[in-house]
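# Topology and contacts: notes
The chain contents come next:
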Amino acid sequence: MQRSLVGSEMCIRDSSGDANATLEASVSGQSKSSYNVCGFTFMLRGSETYIMNGEASAFTVFEQGKIKTDNIELRYYPVSGNDVTFTDIALKYRDYLEKDEGVTGSGLTDPSLYINLYGGVEKQKSILGFPITMKTEITGFEQAKEIVEELKNCGADNMVLTYDNWTNAGIAGKVDYKAKPAGVLGGKSAFEEFTDYLKGNNISLYPAVNNKGFISGQGYFTFTKTTTRVSGSYSRLLTYDRAYGVQSTFYDPVSLLSPSAFDDIYSDLTENYSEKGLTGVSLGDMTSALYGDYGKNTLSRDDTMAILEGNYEKVKNGVGSILADTANAYSFSSVDHITNVPMSSSEFDIFDEDVPFYQVAMHGLKPYSTEAVNGSADYKTLMLKALATGSNFNYDMLYKETNELKDTVYDIYFYANYKYWTEAAARGYELSGKVLGGTASERITGYETNGDVITTSYENGTVTKINISTGEINVNGTVYMLDDFLGEGALNN
């Protein structure tokens, strides 16, 4: 889609039936039109296409029963002017979020450093010559405290932490709601010591649960709580070999949890987190994943969205704060932090230029972070684009040497050993404070690109000019260079 917009434009929002909406877009000439075109289509009845063994042709089946979506509604918000930009449209959408959806600002003024910690993982080990799958410590509670202390000693005093796989259920891939610290990571006393340290230093902790995929256990079993596809088969989450494009034989498939279980799970989670004195939780994929259950539960995507919205409020009221690992619009009013917001598109040929619509719409409403800086193949460009879009920096960190991750689901974090990243993360945090300090609660009022230079204007008068090619950062006339803030860690190796 081309970036430039001229004349009178529209900001369109599908306000009813949006759980079943798909955005369709095409550039001029692609749809027998000289205009760039975009609009919504609605899937009123779910379908699934599959090939049966021994058959050459594909079969398509459709959702049975009456249509579940009661209403379809589109709202149009005119945006007038002779030089309308995507920023104007993003701000119009922001107005809608504030006035119609009740999305409120965080009140924060300065950047935070977002850190993802990874607790335990299952790994196959040889015991007396027999292969045994065992829970293995990657970042224990005492080790997590050590990482945070080192970051703080390097100058990072405003941190937001997520902690994945910190319970036995989380490590094993079972439904996770009991808030019981894993013994292999240090157990209850070590976890309490860690959380007391964080509270004493005003560091926010969001222990993570991700109850999208699961295996049997914790009172939830695959033969009763797995989502049923339109075809009537169970829905499984499969892992594929990227090199060959076939299903991996190393990782076992897991089941997709039925939305019919959400009410019980999040009620129990809220009660258990509250009893443990925890004041934050990360819900993993469940702030951006939306799906139906087409078996006996007959839950549509609309039903699932309503169930999730109700449970967000339940968790927020009972626990206190929710961190979203990416967030779709239906969760905006409930979440307090959003992580892993992409800085670029897929870069398919249809796109002329990437524009940060999401960031412009959300800046000043909810603090958001980048994807992991240390996981990026082009970290410098990521950091510069983050500063240009008012994004906080985000880092993955774990304690054990990365050779411990071999043949586990954590092998994708081969880059994340904390020893190489604490100084770099703290220096990046220092830079973000100099560039974005005082702007966290402000609207972005302008975003313009001129070659490699991105100029961003904020409502309080702050103007940043970021040169993507040279790394020069100009903030109201004060100049910094990115290379001066990279530290001596892995970023410069």
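The structure we're discussing is the one just above.
The notes below deal with the structure included here.

Calculation rules
- Per chain, the residues get numbers from 1 upward, laid out in the order the sequence is written.
- At least 70 in pLDDT is required for a residue's local features to be given in this predicted model, at least 80 for side-chain atom pairs to be given and counted, and no such filter applies to totals for whole chains, interfaces and linings, which use all residues.
- Only hydrogens and water are set aside when side-chain values are computed; all heavy atoms of the structure are taken into account.
- What counts as a helix is a DSSP run of H or I of at least four residues, what counts as a strand is a run of E of at least two, and both are numbered from the N terminus.
- Atoms considered for the radius of gyration are the C-alpha atoms alone. The globule rule reads 2.2 Å times the number of residues to the power 0.38.
- In this analysis, two residues are considered to be in contact whenever any of their non-hydrogen atoms come within 4.5 Å of each other.
- Only the protein chains shown count as cover for residues, with accessible areas throughout obtained via the Shrake-Rupley method and a probe of 1.4 Å.
- Charge convention: Lys and Arg are scored as positive, Asp and Glu as negative, and His as well as the terminal groups of each chain are ignored.
- By convention, the point assigned to a charge is CZ for Arg, NZ for Lys, CD for Glu and CG for Asp.
- The span expected for a helix works out to 1.5 Å for each residue beyond the first.
- Relative accessible area decides the class of each residue, using a 1.4 Å probe on protein chains only: under 20% of the type maximum gives buried, over 50% gives exposed, and in between gives partly exposed.
- Note on ring pairs: Phe, Tyr and Trp rings are taken, using the six-membered ring of Trp, and paired if centres are within 6.5 Å. Classes follow the plane angle, with under 30 degrees stacked, over 60 edge-to-face and the rest tilted.
- As used here, the term nonpolar core means buried Ala, Val, Leu, Ile, Met, Phe, Trp, Tyr and Cys residues forming a set that is joined through side-chain atoms within 4.5 Å.
- Note on pairing: two strands pair once DSSP finds at least 2 bridges between them.
- The term salt bridge refers to a pairing of a side-chain nitrogen on Lys or Arg with a carboxyl oxygen on Asp or Glu at a separation within 4 Å.
- For every element, the axis is a line fit to its C-alpha atoms; helices are fit only across the contacting stretch, and the angle between N-to-C directions ranges from 0 to 180 degrees.
- What sets the label is the angle itself: under 35 degrees gives roughly parallel, over 145 gives roughly antiparallel, 65 to 115 gives roughly perpendicular, and the rest give oblique.
- Note: crossing handedness is left-handed where the near helix turns anticlockwise from the far helix by less than a right angle, and right-handed where it turns clockwise.
- Polar here means any residue other than Ala, Val, Leu, Ile, Met, Phe, Trp, Tyr, Cys and Pro, which are nonpolar, and Asp, Glu, Lys and Arg, which are charged; Gly is therefore polar.

The next thing to look at is the overall build of the protein. Helix and strand counts for the protein come out as 10 helices and 25 strands. A compact globule built from 493 residues should have a C-alpha radius of gyration of about 23 Å, and the protein, at 24 Å, falls within 12% of that. Across its three principal directions, the C-alpha atoms of the protein cover 70 × 60 × 45 Å. For the protein, the share of sequence-separated contacts (at least 6 apart) that also reach a separation of at least 24 residues comes to 65%. Approximately 23,300 Å² of the protein is accessible, and the part contributed by carbon and sulfur atoms is 47%. Seen as two clouds, the 40 positive and the 65 negative side-chain charges of the protein have centres 5 Å apart.

What follows deals with helix H2 (residues 141–153). Side chains that are three or four residues apart share a direction in an α-helix, a result of its 3.6 residues per turn. An ideal rise of 1.5 Å per residue puts 18 Å on 13 residues; H2 measures up with 18 Å between its terminal C-alpha atoms. Contact partners of the buried residues in H2: strand E7 (113–118), strand E9 (130–137), strand E10 (159–164), helix H4 (187–200), strand E20 (394–397) and helix H10 (422–436). Directly after H2, the chain includes Gly155, whose backbone phi takes a positive value near 115 degrees.

A few words on the side chain of Ser334. Within the secondary structure, Ser334 sits in the loop between strand E18 (322–325) and strand E19 (337–339). What makes Ser334 buried here is its relative accessible area of 2%.

Let us look at the packing of aromatic side chains. The relation between two aromatic rings is expressed through the spacing of the ring centres and the mutual angle of the planes. Throughout the structure, instances matching the rule amount to 22 aromatic pairs. A centroid spacing of 5.7 Å and a plane angle of 70 degrees characterise the contact between Phe141 and Tyr163, whose relative ring orientation is edge-to-face. With Phe141 in helix H2 and Tyr163 in strand E10, this residue pair connects regions lying 22 residues apart in the sequence. When sorted by exposure, Phe141 lands in the same class as Tyr163, which is buried. With a centroid separation of 5.1 Å and an interplanar angle of 10 degrees, the aromatic rings of Tyr399 and Tyr418 are classed as stacked. Of this pair, Tyr399 sits in the loop between E20 and H10 while Tyr418 sits in the loop between E20 and H10, placing them 19 residues apart in sequence. For Tyr418, a relative accessible area of 4% gives the class buried. Put simply, the rings of Phe141, Tyr163, Trp166, Phe191, Phe194 and Tyr273 pair up and form one aromatic cluster.

What follows concerns the nonpolar core. In this structure, Leu113, Leu161, Phe194, Tyr395, Met397 and Ile473 are the most contacted members of the largest nonpolar core, which totals 103 residues. Ignoring sequence-local partners within four residues, the contact set of Met397 consists of Ile115, Asn116, Leu117, Tyr118, Thr139, Ile147, Leu151, Ala416, Tyr418, Trp421, Thr422 and Ala425. One finds Ala372, Leu398, Leu405 and Tyr415 within the second-largest nonpolar core, a separate group that totals 10 residues.

Attention now goes to the sheet that holds strand E13 (residues 236–237). Reading across from one edge, E12-E16-E13 is the order of the 3 strands in this open sheet, with antiparallel pairing throughout. In this open sheet, the two strands that pair with only one neighbour each are strand E12 (213–214) and E13. Where E13 meets strand E16 (residues 254–256), 2 bridges bridge the pair, whose relative direction is antiparallel. Counterpart to Arg236 in the pairing with E16 is Ser255.

Another point: the pairing of E10. Counting buried residues along E10, 5 of its 6 residues qualify, which places the element largely inside the surrounding structure. One ladder, built from 6 bridges, connects E7 with E10; its direction is parallel. If you follow Ile115 over to E10, its bridge partner there is Leu161. Where E10 and strand E11 (residues 204–207) come together, 4 bridges link them in parallel fashion. Bridge pairing in E11 links Tyr163 to Pro207.

Moving on: the pattern of salt bridges. Following the criterion strictly, the structure yields 12 salt bridges and no others. The partner of Arg75 in a salt bridge is Glu73, and the shortest N-O contact between them spans 3.2 Å. Look at Arg75 and you get partly exposed, because its relative accessible area is 30%. Between Asp483 and Lys380 there is a salt bridge whose closest N-O contact spans 3.1 Å.

What follows covers the sheet that holds E18. Taking strand neighbours across the sheet as the criterion, the 3 strands line up as E17-E18-E19 in an open arrangement whose pairing is parallel. In this open sheet, the two edge strands, each paired with only one partner strand, are strand E17 (281–282) and E19. Here E18 pairs with E19 via 3 bridges, running parallel. In the strand pairing of E19, Asp325 is matched with Thr339.

A few words now on the packing of H2 against H4. Running from N to C, H2 and H4 point in directions that differ by 15 degrees, and their axes come no closer than 8 Å. By the angle class used here, H2 and H4 are roughly parallel. Judged by the sense of rotation from one axis to the other, the crossing of H2 with H4 is left-handed. Where H2 approaches H4, its residues Phe141, Glu142, Ala144, Lys145, Val148, Glu149 and Lys152 are matched on the opposing element by Gly187, Ala190, Phe191, Glu193, Phe194, Tyr197 and Leu198. The residue inventory of the contact of H2 with H4, partitioned by class, reads 8 nonpolar, 1 polar and 5 charged.

Keep in mind these numbers describe shape, not what the thing actually does.
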